Amino acid sequence: MDRSEPDALGKTNRINLLFDFYEQLLTVKQQTFLKYYFHDDFSLGEIAAEFSISRQAVYEHIKRAEQALEGYEQKLGLLAKHEAVAGLLGRLEKALSALSDSEQSFGPVRSVIAELKQAEGLEDEAGGHS
């Protein structure tokens with residue numbers, strides 16, 4: 001992958017999210033190469049030197065790992081479900097805010113939203129993740 005491509009950041013983010021969901025389903029070598037390449041921003045050459053293999057071999061391992069992650073997502077859909085829940089929670093919060101910010105009877109609903117976010121591993125928008 002050429003990380004200078006315009007959509008490279010989007011692809012990197014997607015692979016990192018898929019990795020978060022499916023890391024344990026990958027081989028140790030796939031996990032290691034993806035971590036080096038996507039998390040630690042190592043080049044193919046740097047990974048190749050670290051493991052005394054060719055750049056092409058590293059590229060093939062990373063490609064196969066990406067395909068495995070996409071295959072798991074296609075079959076299990078955990079990332080899609082997570083994103084759907086996050087979107088619904090955001091819509092619920094906006095709808096609740098539109099009703100009345102001062103209405104104290106919505107406290108229990110806000111509490112449930114917070115618990116759902118915690119269960120989904122989402123943070124408040126102020127936390128920068130959702």
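Above this text is the structure in question.
A. Local environment of unusual backbone geometry. Look at D41: it is not a glycine, yet its phi comes out positive at around 60°. With respect to the helices, strands and loops of the structure, D41 is situated in the loop between α2 (28–39) and α3 (44–51). By relative accessible area, D41 is classed as exposed at 54%. A positive phi is found at S52, a non-glycine position, where the angle reads about 55°. The topology assignment puts S52 in the loop between α3 and α4 (55–76). According to the relative accessible area criterion, S52 is exposed, its value standing at 68%.

B. Spatial organisation of the packing of α3 against α4. Where α3 contacts α4, the two axes come as close as 8 Å, and the packing angle between them is 105°. As far as their axial angle goes, α4 and α3 are roughly perpendicular. Residues L44, G45, I47 and A48 of α3 touch α4, and the partners they reach there are R55, V58, Y59 and I62. Here the contact of α3 with α4 is built from residues that sort into six nonpolar, one polar and one charged.

C. Representation of helix α6 (residues 107–120) within the structure. Here α6 spans 20 Å end to end across 14 residues, near enough to the 20 Å set by a 1.5 Å rise per residue. One or two positions beyond α6, positive phi appears at G121, with a value near 75°.

D. Highlighting the environment of I15. As for its position among the elements, I15 is in helix α1 (residues 8–22). Given a relative accessible area of 3%, I15 falls into the buried group. If we ignore the near neighbours within four places in the chain, the residues touching I15 are L34, F38, E66, L69 and E70.

E. Local environment of the packing of α2 against α3. Where α2 meets α3, the axes come as close as 9 Å, and the angle between the chain directions of the two elements is 140°. Relative to α3, α2 is oriented oblique. The two elements α2 and α3 cross, and the hand of that crossing is right-handed. Between α2 and α3, the contacting residues are T32, F33, Y36 and Y37 on the first element and L44, I47, E50 and F51 on the second. Looking at the contact of α2 with α3, its residues break down into six nonpolar, one polar and one charged.

Definitions and cut-offs
Residues numbered from 1 in each chain as written. Predicted model: local features only at pLDDT ≥ 70, side-chain atom pairs only at ≥ 80, totals over all residues. Heavy atoms only, no water. Helix = DSSP H or I, 4+ residues; strand = E, 2+ residues; numbered from the N terminus. Buried < 20%, exposed > 50% of the residue type's maximum accessible area, 1.4 Å probe, protein only. Axes fitted to C-alpha atoms, helices over the stretch in contact; angles between N-to-C directions. Parallel < 35°, antiparallel > 145°, perpendicular 65-115°, else oblique. Contact = heavy atoms within 4.5 Å. Nonpolar A, V, L, I, M, F, W, Y, C, P; charged D, E, K, R; others polar. Expected span 1.5 Å × (residues − 1). Left-handed = near helix turned anticlockwise from the far one by under 90°.

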